[in-house]
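Coordinate analysis (summary)
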Number of protein chains: 2
Amino acid sequence: MHDVQQSEECVPTEGRRERKLREAKAATQRAGLELCLEHGYGAVTVEMIADRAGISPRTFYNYFSSREAALLGDGKPRPDEAMIATFIERDDVSDVEAFAVMMAEAWAKSEPDKALFRLRRRVIDSAPELAAVNIGRIAEDRADYAAIVARRLAARYPDLTDAERELEGTLTVAIAMGAIQAVAKEWMRGDDDQTGPLKALVHDLFPRVRRLTQAAPAS
Amino acid sequence: MHDVQQSEECVPTEGRRERKLREAKAATQRAGLELCLEHGYGAVTVEMIADRAGISPRTFYNYFSSREAALLGDGKPRPDEAMIATFIERDDVSDVEAFAVMMAEAWAKSEPDKALFRLRRRVIDSAPELAAVNIGRIAEDRADYAAIVARRLAARYPDLTDAERELEGTLTVAIAMGAIQAVAKEWMRGDDDQTGPLKALVHDLFPRVRRLTQAAPAS
DNA sequence: GTGCAAACTTGCAGATCGTGTAAAAATGCA
DNA sequence: TGCATTTTTACACGATCTGCAAGTTTGCAC
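For the structure given in this document, a descriptive report is provided here.

Cut-offs applied
- Position labels on residues start from 1 in each chain and follow its written sequence.
- Chains and ligands are labelled sequentially in the order written, the chains with letters from A and the ligands with numbers from 1.
- Residues qualify for local features only when their pLDDT is at least 70, as the model is predicted, and side-chain atom pairs are given and counted only at 80 or more; totals for whole chains, interfaces and linings, by contrast, use all residues.
- Only hydrogens and water are set aside when side-chain values are computed; all heavy atoms of the structure are taken into account.
- What counts as a helix is a DSSP run of H or I of at least four residues, what counts as a strand is a run of E of at least two, and both are numbered from the N terminus.
- Should any heavy atoms of two residues lie within 4.5 Å, those residues are considered in contact.
- Per-residue accessibility takes into account occlusion by the displayed protein chains alone, with areas from the Shrake-Rupley method and a 1.4 Å probe.
- Nearness of a residue to a molecule or strand requires only that one of the residue's heavy atoms be within 4 Å of it.
- For the purposes of these results, a polar contact is taken to be a pair of N or O atoms within 3.5 Å, where, inside protein, one atom must be able to donate a hydrogen and its partner to accept one; residues adjacent in sequence count only when each atom of the pair is a side-chain atom.
- Ten residue types, Ala, Val, Leu, Ile, Met, Phe, Trp, Tyr, Cys and Pro, are classed as nonpolar, four, Asp, Glu, Lys and Arg, as charged, and the remainder, Gly among them, as polar.
- In this analysis, rings of Phe, Tyr and Trp, with Trp reduced to its six-membered ring, are considered paired at centre separations within 6.5 Å, and the interplanar angle assigns stacked below 30 degrees, edge-to-face beyond 60, and tilted for intermediate values.
- Whether a residue is buried, partly exposed or exposed follows from its accessible area with a 1.4 Å probe, protein chains only, as a fraction of its type maximum: under 20%, in between, or over 50%, in that order.
- We call a charge positioned over a ring when the NZ of a Lys or the CZ of an Arg lies within 6 Å of the ring centre and within 35 degrees of the ring normal.
- Accessible surface is computed with a 1.4 Å probe, and the buried area is the amount of it that two parts give up when combined, taken over both parts together.
- Every case where a carboxyl oxygen of Asp or Glu lies within 4 Å of a side-chain nitrogen of Lys or Arg is listed as a salt bridge.
- Working rule for helices: expected span equals 1.5 Å times residues minus one.
- Between the N-to-C directions of two axes lies an angle of 0 to 180 degrees, each axis being a line fitted to C-alpha atoms and, for a helix, fitted only over the stretch in contact.
- Working definition: roughly parallel below 35 degrees, roughly antiparallel above 145 degrees, roughly perpendicular at 65 to 115 degrees, and oblique for all remaining angles.

**Concerning the overall build of chain A**
Of regular secondary structure, chain A possesses eleven helices and zero strands. Reading chain A from its N terminus to its C terminus gives the helix and strand order α-α-α-α-α-α-α-α-α-α-α. Residue pairs in contact within chain A that sit at least 24 positions apart in sequence constitute 66% of those at least 6 positions apart. Here chain A displays about 11500 Å² of accessible surface, and carbon together with sulfur accounts for 51% of that area.

Shown next, in the form of structure tokens:
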């Protein structure tokens with residue numbers, strides 16, 4: 001009943017079949033992104049993408065739930081329990097920064113294919129409508145993220161009411177996501193490994209955040 | 001050649017025609033929102049909305065550029081020059097708070113019909129997909145907003161480079177929009193005039209913003 | 001009122017998106 | 001090789017949204 005014969009890698013379950021499927025999906029994404037760079041996002045149809053990827057339009061929808069999902073990626077960043085535990089406990093940085101750093105790591109981890117990642121970034125930057133869809137998709141998970149932050153807040157500020165925790169969780173997520181978005185463009189300029197630079201960029205950003213939220217700094 | 005016979009109101013140009021059109025649009029929006037509350041966002045088609053509004057589906061698309069635009073409102077908040085000037089000069093609050101307050105006012109001003117406003121809020125809260133679209137739509141204008149903030153930053157921090165101004169403008173907008181979004185739900189609970197309470201809510205929020213971005217506040 | 005010109009509404013055809021369904025093809029395995 | 005399972009594909013369909021060419025209403029001058 002249970003898997004045997006797994007002497008190969010640490011990845012538990014990936015046979016010929018799974019690998020082919022994964023590669024076909026990646027090829028489809030690449031095809032879609034390339035077409036966007038060539039003709040512009042608005043001029044790219046599912047039929048064109050399927051054509052270039054060598055699959056039927058119907059199969060395209062077996063792979064991805066929508067045209068946008070193929071371009072932006074179906075999966076969204078989801079920190080695992082270990083990352084969450086670290087986030088909840090660390091106290092060397094502010095709540096917002098701690099969350100921003102965790103999300104930056106989760107984001108990088110959720111997309112192992114860096115070339116695809118960069119390609120996607122370029123397309124998003126060149127298509128404002130697509131950028132809007134992207135932000136909307138990410139925003140769908142804000143409630144979940146806020147719940148994670150609420151766990152940290154509950155541990156650190158026991159006096160907060162439930163309503164306050166919810167509000168501050170939402171607020172923390174909004175600020176952190178905004179900060180990540182603000183440096184995302186800069187981040188993609190880096191040529192080497194991306195996790196390091198992003199963490200550093202986020203960290204460098206926070207003195208600015210504090211200044212911008214501090215009352216009457218000038219004069 | 002120029003308008004005469006304008007003894008009525010201060011609104012300069014609105015004849016029978018304009019008024020009828022405006023009312024038909026508002027009726028269409030109301031019809032769409034009501035249907036969403038009755039049957040759920042996903043089950044509402046353009047045909048249903050047009051039916052209830054007493055117009056043809058084709059006319060629906062003459063009024064609104066998309067189904068979402070009808071539900072969420074075609075127009076987006078756009079502060080006028082006077083508001084911008086005030087925003088740039090005021091120094092009793094932080095950059096982010098000043099911008100958040102201006103946007104809150106512009107938002108309230110962009111939608112004079114408060115009943116419609118509340119109705120829309122209820123629908124958005126009840127339909128996560130629609131909320132995502134809404135956030136995406138608002139995000140489309142972030143670049144414009146960031147440019148406005150950059151004008152204030154240029155006046156207050158002359159030493160910033162262009163790149164820094166752009167980054168901090170983007171960041172300010174992201175934080176402020178997040179803050180507004182975080183209190184939007186609370187805001188709609190108020191029964192009376194909305195501008196006052198929103199400004200107050202935003203103001204009350206900022207001590208929390210500072211605490212959440214301050215490093216290691218607890219032990 | 002009458003008639004005209006402009007603006008508005010409508011129906012229709014068409015392109016595209018996205019889904020259900022069932023047949024066809026590929027795949028894994030004994 | 002043959003069979004069972006999965007995957008791909010074709011087809012039909014409802015929905016969104018757009019151009020276009022009517023038809024209808026409106027404002028206005030006479």
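Here the narrative resumes, following the displayed structure.
**Quick word on the protein's contact with DNA strand C**
Close to DNA strand C lie 18 residues; A:Arg58, A:Arg67, B:Thr59, B:Asn62 and B:Tyr63 are nearest. Near the protein, within 4 Å, the atoms of DNA strand C are sugar or phosphate in 69% of cases. Between a base oxygen of DNA strand C and a side-chain N or O atom of A:Arg58, the distance comes to 2.7 Å. Those elements that provide at least two residues to the surface near DNA strand C are α1 (16-39), α3 (57-63) and α4 (67-72) of chain A together with α3 (57-63) of chain B. The leading source of residues in the surface near DNA strand C is α3(B), at four residues. The residue inventory of the surface near DNA strand C, partitioned by class, reads four nonpolar, six polar and eight charged.

**A closer look at the protein's contact with DNA strand D**
Taken together, 19 residues surround DNA strand D, and among them A:Thr59, A:Tyr63, B:Arg58, B:Tyr61 and B:Arg67 come closest. Among the atoms of DNA strand D close to the protein, meaning within 4 Å, 67% are from sugar or phosphate groups. Counting only elements with at least two residues in the surface near DNA strand D, the list comes to α1 and α3 of chain A together with α1 (16-39), α3 and α4 (67-72) of chain B. Per-element tally for the surface near DNA strand D: the top contributor is α3(A), with four residues.

**Describing the packing of aromatic side chains**
The description of an aromatic ring pair rests on the distance of the ring centres and on the angle between the ring planes. Counting across every chain of the model gives twelve aromatic pairs over all chains. On the basis of an interplanar angle of 80° and a centroid distance of 5.3 Å, the ring pair of B:Phe60 and B:Tyr61 is categorised as edge-to-face. In this structure B:Phe60 comes out as buried when scored by relative accessible area, which is 0%. Looking at B:Tyr61, the relative accessible area reads 41%, which means it is partly exposed. One aromatic cluster is present, formed by A:Phe60, A:Tyr61, A:Tyr63 and A:Phe64 through successive ring pairs. Note that A:Arg152 overlies the ring of A:Phe87, its terminal NZ or CZ placed 5.5 Å from the centroid. When the ring centre of A:Tyr157 is taken as reference, the NZ or CZ atom of B:Arg211 above it lies at 4.5 Å.

**Details of the interface of chain B and chain A**
Buried accessible area, meaning the area lost when the parts come together, often serves as the stated size of an interface. Taken together, the contacts link 42 residues of chain B with 42 residues of chain A. Here chain B and chain A share an interface that buries about 3800 Å² over both sides, 63% of which is from carbon and sulfur atoms. Of all residues in chain B, B:Leu171, B:Leu212 and B:Thr213 give up the largest surface area on contact with chain A, accounting jointly for 18% of the area buried on that side. Applying the counting rule to chain B against chain A returns six salt bridges. For A:Glu168, the salt bridge goes to B:Arg208, with nearest N and O atoms at 2.6 Å. Put simply, chain B and chain A have 18 residue pairs in polar contact (both at pLDDT 80 or more) between them. Secondary-structure elements contributing two or more residues to the side of chain B that touches chain A are α6 (95-110), α8 (128-139), α9 (142-156), α10 (162-189) and α11 (195-213) of chain B. Examining the composition of the side of chain B that touches chain A, we find that 13 residues originate from one element, α10(B), more than from any other. In terms of residue class, the side of chain B that touches chain A is built from 22 nonpolar, nine polar and eleven charged.

**Here's the deal with the environment of B:Val44**
Tracing the sequence through the fold places B:Val44 in the loop between α1 and α2 (46-53). If we ignore the near neighbours within four places in the chain, the residues touching B:Val44 are B:Leu35, B:Cys36, B:Ile49 and B:Arg67.

**Things to note about α1(B)**
Residue and element names in this part refer to chain B. End to end, α1 covers 34 Å across 24 residues, agreeing with the expected 34 Å (1.5 Å per residue, within 8%). The inward-facing, buried residues of α1 abut α2, α3, α4 and α7 (114-126). Two residues or fewer after α1 comes Gly 40, characterised by a positive phi angle close to 90°.

**So, helix α7 (residues 114-126) of chain A**
Side chains three or four residues apart in an α-helix point the same way, a direct result of the helix having 3.6 residues per turn. All names here are of chain A. Its 13 residues place the ends of α7 19 Å apart at the C-alpha level, agreeing with the 18 Å of an ideal helix rising 1.5 Å per residue. All buried positions along α7 are accounted for by Leu 116, Phe 117, Leu 119, Arg 120, Arg 121, Val 123 and Ile 124. Measuring from the backbone nitrogen of Ala 115 back to the side-chain oxygen at the start of α7 gives 3.2 Å, which picks out Asp 113 as the cap.

**Details of the packing of α7(A) against helix α8 (residues 128-139) of chain A**
Residues and elements named next belong to chain A. Closest axis-to-axis distance for the α7/α8 pair is 5 Å, and the angle between their directions is 115°. Overall, the two elements α7 and α8 adopt an arrangement that is roughly perpendicular. Within the contact between the two elements, α7 uses Val 123, Ile 124 and Ser 126 and α8 uses Pro 128, Leu 130, Ala 131 and Asn 134. Taken together, the residues that form the contact of α7 with α8 break down as five nonpolar, two polar and no charged.

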